[in-house]
Amino acid sequence: MRGQIPIIIVFISGVFMVIQFFIPHDAGVFFYEYGLDWIIVIGVFAMLLGIWSLFRVQLDKVVKKSPGWGYSVVALGGLFFMLIGGPLWGIEEGTPFMQVFWYIYTPIQATMFSLLAFYIASAAYRAFRARTVLATILLLTALVIMLRLIPLGPISGPNQKLATWILMVPSMAANRAILIGIGLGIVATCLKIVLGIERAYMGHD
Amino acid sequence: MKNKRVFRNKVLLIFFLVLPCFFCGLDMSSAQEAGEISVEDSLAQLPATPTEVMAKDASNDGGHALVVTWKLSADDGAGKNNVVSYEILRSDNLDSGFVVRGMVLKGVNTFKDEGVKEKESEDYFPSHKNFYYKVKANAEKGASLSFVSPPAYAFGQLFHTGRTVILVACAIFSVFTILFIRKAKRGEELYVRPLAGIAAVDDAIGRATEMGKPILYILGLGTAADIATIASFTILARIAKITAEYRTPILVPCNDPIVMIVAQETVKAAYLDAGRPDMYKEENIYYVTSMQFAYVAAVNGIMVRERPATNFYLGKFYAESLILAETGSVAGSIQISGTDEIAQIPFFVAATDYTLIGEELYAASAYLGKEPLLLGSLKAQDWGKALVMISLILGGLAASFHLDFFIRLFAVKP
């Protein structure tokens, strides 16, 4: 019975969510929004567990002097500084909390994001090596698409038309095929979970 | 002498009283003349009033909107052709209190008067309350107001008729799924196309076991409510069970605390199912941060420090997909990825060894479980796709031959 209760909850919640999608009446909307409020409440408590998990894992590394434990010290220091700094100084502009956010966190985040440019170059190099016929077609297609943004004199016009055709016809067709597959996959997955056929996430086959 | 002076005063008084009246009279008569011309002109310029003003409940809503329709003014696009716009006025009283609710341009004869259900809002629109409407046709000079409409009230519907086609499609697909599951239960052999990414899972875990290295499982940036993350939980359960049997540690750094809790329970249950509950380590499934690139930095650090033999990226991914996959590639890990984010699929294809494209992510659990019940649902998906293809071909033909009724069958209203 203990194992059946979660499945019953999933079934009732799943069926309700499906039904409410077809009910525009205020009553249906009310229960839907009520459910969403529950998710927010659960999220708040889960955040406490998340912070506890973060603290425990990092502290464990520091205590055991695991490789790279110095980073854990920085992580714990950052966690406590922001946890205490927010209530202590407030979160208005100019406070230490916001200065750390703008002058330490934001530049680091931008640096991480900018790495993407280099990774795109290295991934493109590997993907576009013309080792097979298909890879050569991929390379040529990529060239046409990339060159459409560059002024190339008399060949700009035809290249632009070809690039637009590639994007609007074969690429669009593939995109839509994947989207239709995703849509059906979502419905099938939901059905499997709601009907209790898929129970792997609860440790049952 | 005195009488003379009194007489002179009387004459002056009369003069000063009468003279202004005389001029006023002249002025008034000239104004009247001018007024008569102005009124005539104005009347001549006034547009014909809109007629047959009606209001009815807006369909497929919670009961906070009315649709107002009217017959266009005779001077809208014809006659004097001087109508520029229509103003829609509403009151809960038949005789007074009409306020402007909106305006539409000439040629338009419908207006949706909608509000919100929150009583404290200024835009509150109550259900089951009678309202009256008037429509004013505006010309460049002057305007004419229609008669009051009959009363109408808004009410909520219990079924969204605009979504009937979705309901029918879901019902057909559900019937397919149940039919194929029953077929599978009877023991019929169901062929499903093999997926390279799934076939490589056992080898990838075996490699990690041989190398004595951990497996890194990334659930992506989705929340526990995203279907891609839910699908990823089911795959995690299967993989965690194999890692428990192989005694290989699995690391699951999470981006969302709720995801972390579900992942912990999933892995714990998988270890229990594999008969190795003692090997489960809660600290291996942990929360890192909810910030996108801080999460990427943390996961990249794990890849560089721990050097996991195998990386799984299954779930919802955004711009971080390539940064993660390229770092894993540089670290020399075998990588299996899968996402339903179309924009990220090319990055995974370029940077990982195997990629589950779109729906394959949802099918992966069934492939790994090899259970007939789950494989039955995959067959239903194939049949669903066949139906979509048939509909696409028929839709293309219908559009080519202007058979609009067929296209309208598939219309979905918001």
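Quick caveat: nothing in here was measured; it's all calculated off a predicted structure. (Residues numbered from 1 in each chain as written. Chains lettered and ligands numbered in written order. Predicted model: local features only at pLDDT ≥ 70, side-chain atom pairs only at ≥ 80, totals over all residues.)

Trainee: It is not clear to me how the overall build of chain B should be interpreted in this structure. Could you clarify?
Mentor: Within chain B, the regular secondary structure consists of eleven helices and 13 strands. For chain B, the proportion of its 414 residues judged to be buried stands at 41%. If you take every contact in chain B between residues at least 6 apart in sequence, the share linking residues at least 24 apart comes to 68%. (Helix = DSSP H or I, 4+ residues; strand = E, 2+ residues; numbered from the N terminus. Buried ≥ 20, exposed ≤ 12 C-beta atoms within 10 Å, placed from the backbone. Contact = placed C-beta atoms within 7 Å.)

Trainee: Would you take a moment to explain the overall build of chain A for this structure?
Mentor: Secondary structure assignment for chain A yields six helices and zero strands. Overall, chain A shows an N-to-C arrangement of helices and strands of α-α-α-α-α-α. Here the C-alpha radius of gyration of chain A, 26 Å, is well above what a compact globule of 205 residues would show, namely 17 Å. Dimensions along the principal axes, computed over C-alpha positions, put chain A at roughly 65 × 50 × 40 Å. Here chain A holds 205 residues, and the buried ones make up 13% of them. Of all intrachain contacts in chain A linking residues separated by at least 6 positions in sequence, the fraction that spans at least 24 positions is 26%. (Rg over C-alpha atoms; globule rule 2.2 N^0.38 Å.)

Trainee: Where do I start with the nonpolar core in this structure?
Mentor: Here is a general trend for soluble globular proteins: nonpolar side chains tend to be buried in one another's company. All names here are of chain B. Within the largest apolar cluster, 95 residues are counted, with the highest numbers of intra-cluster contacts made by Tyr 217, Cys 254 and Ala 263. Counting residues per element, this core draws most heavily on helix α4 (residues 227-246), at eleven residues. In this structure Tyr 217 touches Leu 236, Ile 239, Ile 250, Leu 251, Val 252 and Phe 312, once residues within four positions along its chain are discounted. (Core = buried A, V, L, I, M, F, W, Y, C linked by C-beta atoms within 7 Å.)

Trainee: What exactly am I supposed to notice about the packing of helix α1 (residues 4-21) of chain A against helix α6 (residues 156-194) of chain A here?
Mentor: Between two packed helices, the angle of one axis relative to the other and the distance separating the axes together describe the packing. Residues and elements named next belong to chain A. The geometry of α1 relative to α6 is characterised by a closest axis approach of 8 Å and an angle of 140° between their N-to-C directions. One finds that α1 runs oblique with respect to α6. Counted together, Val 10, Phe 11, Gly 14 and Val 15 of α1 and Cys 190, Ile 193 and Val 194 of α6 form the full contact between these two elements. Classifying every residue of the contact of α1 with α6 by side-chain character gives six nonpolar, one polar and no charged. (Axes fitted to C-alpha atoms, helices over the stretch in contact; angles between N-to-C directions. Parallel < 35°, antiparallel > 145°, perpendicular 65-115°, else oblique. Nonpolar A, V, L, I, M, F, W, Y, C, P; charged D, E, K, R; others polar.)

Trainee: Honestly, the interface of chain A and chain B in this entry has me stumped. Any pointers?
Mentor: A common way to express how large an interface is: the accessible area buried when the components associate. Taken together, the contact between chain A and chain B spans 55 residues of the former and 69 residues of the latter. Sorting the residues of the side of chain A that touches chain B by element identifies α2 (26-64), α4 (96-127) and α6 of chain A as the ones contributing at least two each. The element that contributes the greatest number of residues to the side of chain A that touches chain B is α6(A), accounting for 16 residues. Classifying every residue of the side of chain A that touches chain B gives 36 nonpolar, twelve polar and seven charged.

Trainee: Quick question: what am I supposed to make of the pairing of strand β8 (residues 215-220) of chain B here?
Mentor: A regular strand places its side chains so that they alternate between the two faces of the sheet. Residue and element names in this part refer to chain B. Within β8, six of the six residues are buried, leaving the element largely enclosed by the surrounding structure. Sheet topology note: the β8/strand β9 (residues 250-254) ladder contains two bridges and is parallel. Residue pairing in the sheet places Ile 215 in a bridge with Ile 250 of β9. For β8 and strand β11 (residues 310-316), the ladder comprises five bridges, and the chain directions are parallel. For Ile 218, the partnering residue across the bridge sits in β11 and is Tyr 313. (Pairing = 2+ DSSP bridges.)

Trainee: How should I be thinking about the domain arrangement of chain A in this particular structure?
Mentor: Residue and element names in this part refer to chain A. By domain assignment, chain A separates into domain 1 (1-89) and domain 2 (130-205). Each of domain 1 and domain 2 was reduced to a C-alpha centroid, and the two centroids are 33 Å apart. For the side of domain 1 that touches domain 2, the residue count by class is five nonpolar, two polar and no charged. (Domains from an automatic or database assignment.)

Trainee: Hey, could you run me through unusual backbone geometry in this one?
Mentor: When glycine is set aside, most residues are seen to have a negative phi, and most peptide bonds are trans. Residues and elements named next belong to chain B. The phi angle at Glu 52 is positive, at roughly 50°, despite the residue not being glycine. Considering the arrangement of structural elements, one finds Glu 52 in strand β1 (residues 51-57). Of note, Asn 60 is a non-glycine position whose phi angle comes to about 60°, a positive value. Residue position: Asn 60 is located in the loop between β1 and β2 (65-71). Asn 60 gets classed as partly exposed once you count the C-beta atoms within 10 Å, which come to 16.

Trainee: I'm lost on α4(B) in this one. Help?
Mentor: All names here are of chain B. With 20 residues, α4 extends 29 Å between its outermost C-alpha atoms, agreeing within 8% with the 28 Å of an ideal straight helix rising 1.5 Å per residue. Along α4, 17 of the 20 residues are buried, which leaves the element largely enclosed by surrounding structure. Positive phi appears at Arg 247, one or two residues downstream of α4, with a value of about 60°. (Expected span 1.5 Å × (residues − 1).)

Trainee: Please explain the sheet that holds β1(B) as it appears in this structure.
Mentor: Strand pairs in the sheet, formed through backbone hydrogen bonds, run parallel or antiparallel to each other. All names here are of chain B. Pairing within the open sheet is antiparallel, and its three strands lie in the order β1-β2-β5. In the strand order of this sheet, the two ends are held by β1 and β5 (110-114), each with one partner. Going across the sheet, the axis of each strand differs from the next one's by a mean of 20°, ignoring polarity. Relative to β2, β1 runs antiparallel, the two being bridged by five bridges.

Trainee: Could you clarify how one ought to interpret the sheet that holds strand β13 (residues 354-357) of chain B in this entry?
Mentor: Residues and elements named next belong to chain B. The six strands lie next to each other as β10-β9-β8-β11-β12-β13, forming an open sheet whose pairing is parallel. The two strands at the open ends of the sheet, each matched to only one other strand, are β10 (285-287) and β13. Direction aside, neighbouring strands of the sheet carry axes that sit 15° apart on average. In terms of strand pairing, β11 meets strand β12 (residues 334-339) through six bridges, oriented parallel. Looking across to β12, one finds that Gly 315 is bridged to Thr 339.

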